[in-house]
Amino acid sequence: MTAVTLTIDGKLVTARADETILQAARANGIPIPTLCHVDGLSAHGGCRLCLVEAGPGGRLQPACVIKVAEGQDVRTDTAKLREYRKLILELLFAEGNHVCAVCVANGNCELQDAAAAAGMDHLTLDYTHPRREVDLSHDRFGVDHNRCILCTRCVRACDELEGAHTWDMSGRGANSKVITDLNQPWGESATCTSCGKCFMACPTGAIFRKGATVAEMDHGRAKLDFLITARGRKQWNV
Amino acid sequence: MPTAPPAAEARPVPHPSGDKRFKLLEVAMKKHQFRPDALIEVLHAAQQLFGYLELDLLLFVARHLKLPPSRVYGVATFYHFFALKPRGRHTCVVCTGTACYVKGADGLLAALRREAGVGPGETTPDDNLSVLTARCIGACGIAPAVVLDGTVKGHVTADALAAEMKGWVPGGTG
Ligand code: SF4
Ligand code: FES
Ligand code: FES
């Protein structure tokens with residue numbers, strides 16, 4: 001694989017030509033915020049939190065899907081990007097019903113962390129207060145659609161790691177919703193193996209373990225990363 | 001004549017209802033060699049036959065194309081073209097396939113408009129009745145055919161249909 005040289009935030013870096021900007025940046029200790037991205041799962045490019053300015057005219061590109069290119073000039077932390085990221089997070093908060101104070105994932109939530117990192121401490125937009133459901137039919141897990149940011153991490157973890165493809169996205173736009181099988185109660189799903197990978201992949205408190213109360217839930221994300229490396233690279237990092 | 005698909009391994013069983021339209025849908029799927037990537041075409045065919053896509057029907061499609069049910073449901077709900085529910089309490093699907101058309105399907109649609117005030121794809125304001133059309137429901141021998149709440153009726157006349165509608169759209173618009 002050929003190597004390419006590019007600059008990220010003024011720093012000269014080399015990367016393999018098949019790497020994404022995100023991979024190259026992280027390998028060089030340059031952080032880029034992400035939400036829908038999980039290393040080792042297929043790229044989705046849905047949340048746009050990873051936007052960077054790349055190429056002529058500072059074109060906005062999602063770092064998690066765009067590949068590096070020779071001579072590329074990438075900026076990851078400009079005033080414009082900081083403003084956009086804040087707005088993206090505001091939109092996510094306004095679109096669902098995210099009430100950290102009563103959430104099982106409080107303190108263990110990637111959405112909350114991203115908002116804190118971006119300095120998004122209040123909303124300049126109106127909340128939409130959508131009416132969404134909570135499904136508690138599964139005996140081990142629940143899904144609270146109020147907290148779902150539609151990142152499809154559960155869908156990809158279930159399809160690509162477990163192979164069951166219990167989850168998918170239904171509807172479109174503001175009516176989008178993650179579903180199990182034919183949009184039936186999760187507990188009645190014929191394909192679900194109760195493995196919990198969707199729960200480990202979920203960045204928010206949308207998919208939660210039953211019995212966890214406010215702020216006490218840990219997603220066990222390390223287990224997911226362990227599985228991804230074991231499966232993908234045949235490395236068992238115990 | 002629809003021929004039985006080859007008795008391959010684990011062939012999904014025919015739909016237990018015995019509804020002929022499932023057989024026709026199977027023929028449509030066979031044309032695409034039951035390829036998973038023909039999902040959208042197959043959903044089109046299913047909707048043409050049934051007027052809308054019931055869960056039962058989506059599962060039938062998922063099994064035959066060997067796709068995860070959630071994927072089939074996701075695709076069916078992504079496109080506005082596909083309807084998962086008849087919008088009214090009752091449905092009247094008027095077949096507008098060639099045979100039924102020749103035998104006066106448009107007269108039936110006109111009668112529905114007169115009696116209930118709605119046309120194809122529409123639902124009465126009181127949600128009592130949705131009128132849908134389908135292209136050939138496999139009942140050409142008894143054309144013109146309609147499907148009233150899932151029951152196929154043949155040799156339907158405009159008057160008979162209008163009478164049938166009296167019970168469904170109490171006030172009517174007549
Ligand atoms: S349930 Fe969780 S993982 Fe799945 S789409 Fe919603 S936020 Fe993402
Ligand atoms: S992390 Fe790149 S678009 Fe979500
Ligand atoms: S055309 Fe109506 S049943 Fe065939």
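Scroll up to find the structure this text is about.
Before going into details, it helps to say that this report is about the structure given with it.

Cut-offs used in this document
- Residues numbered from 1 in each chain as written.
- Chains lettered and ligands numbered in written order.
- Predicted model: local features only at pLDDT ≥ 70, side-chain atom pairs only at ≥ 80, totals over all residues.
- Heavy atoms only, no water.
- Contact = heavy atoms within 4.5 Å.
- Buried area = accessible area lost by both parts, 1.4 Å probe.
- Salt bridge = Lys/Arg side-chain N within 4 Å of Asp/Glu carboxyl O.
- Polar contact = N/O pair within 3.5 Å; in protein donor to acceptor, adjacent residues only side chain to side chain.
- Helix = DSSP H or I, 4+ residues; strand = E, 2+ residues; numbered from the N terminus.
- Nonpolar A, V, L, I, M, F, W, Y, C, P; charged D, E, K, R; others polar.
- 1 Å grid on protein atoms, 1.4 Å probe; cavity = no way out; pocket = protein on both sides within 12 Å on 5 of 7 lines; lining within 4 Å.
- Points joined across faces, edges and corners; volume = space filled by probe spheres on them.
- Pairing = 2+ DSSP bridges.
- Buried < 20%, exposed > 50% of the residue type's maximum accessible area, 1.4 Å probe, protein only.

**Focus: the interface of chain A and chain B**
At the junction of the two partners, chain A supplies 13 residues and chain B supplies 13 residues. On the chain A side of the interface with chain B, the three residues burying the most area are His165(A), Arg172(A) and Leu182(A), jointly 57% of the side's total. There are one salt bridge connecting chain A and chain B. One salt bridge connects Arg71(B) with Asp168(A), and the closest N-O pair in it is separated by 3.7 Å. Viewed at the interface, chain B and chain A are joined by six residue pairs in polar contact (both at pLDDT 80 or more). No other element matches the four residues that strand 8 (residues 167-170) of chain A contributes to the side of chain A that touches chain B. Here the side of chain A that touches chain B is composed, by residue class, of four nonpolar, six polar and three charged.

**Observations concerning empty space enclosed by the protein**
A complete count under the given rule lists three cavities of 30 Å³ or more for this structure. A volume near 100 Å³ is recorded for the largest cavity. Taken together, the residues that form the lining of the largest cavity break down as seven nonpolar, five polar and one charged.

**Topic: the sheet that holds strand 10 (residues 207-209) of chain A**
Residue and element names in this part refer to chain A. If you trace the three strands from one edge of the open sheet to the other, you get 6-7-10, paired in antiparallel fashion. Only two strands of the sheet have a single partner each, and these edge strands are strand 6 (134-135) and strand 10. Note that strand 6 and strand 7 (residues 141-144) share two bridges and pair antiparallel. Paired with Val134 across the bridge in strand 7 is Asp144.

**Some details on helix 4 (residues 153-162) of chain A**
All names here are of chain A. Of all ten residues making up helix 4, seven are buried, and the element is well covered by its neighbours. All of the buried residues along helix 4 are Arg153, Cys154, Val155, Arg156, Ala157, Cys158 and Leu161. As for helix 4, its buried residues are in contact with helix 3 (110-118), strand 8, strand 9 (177-180), helix 5 (197-201), strand 10 and helix 6 (221-233). Just downstream of helix 4 lies Gly163, where phi reads positive at about 85°.

By themselves these figures say nothing about function.
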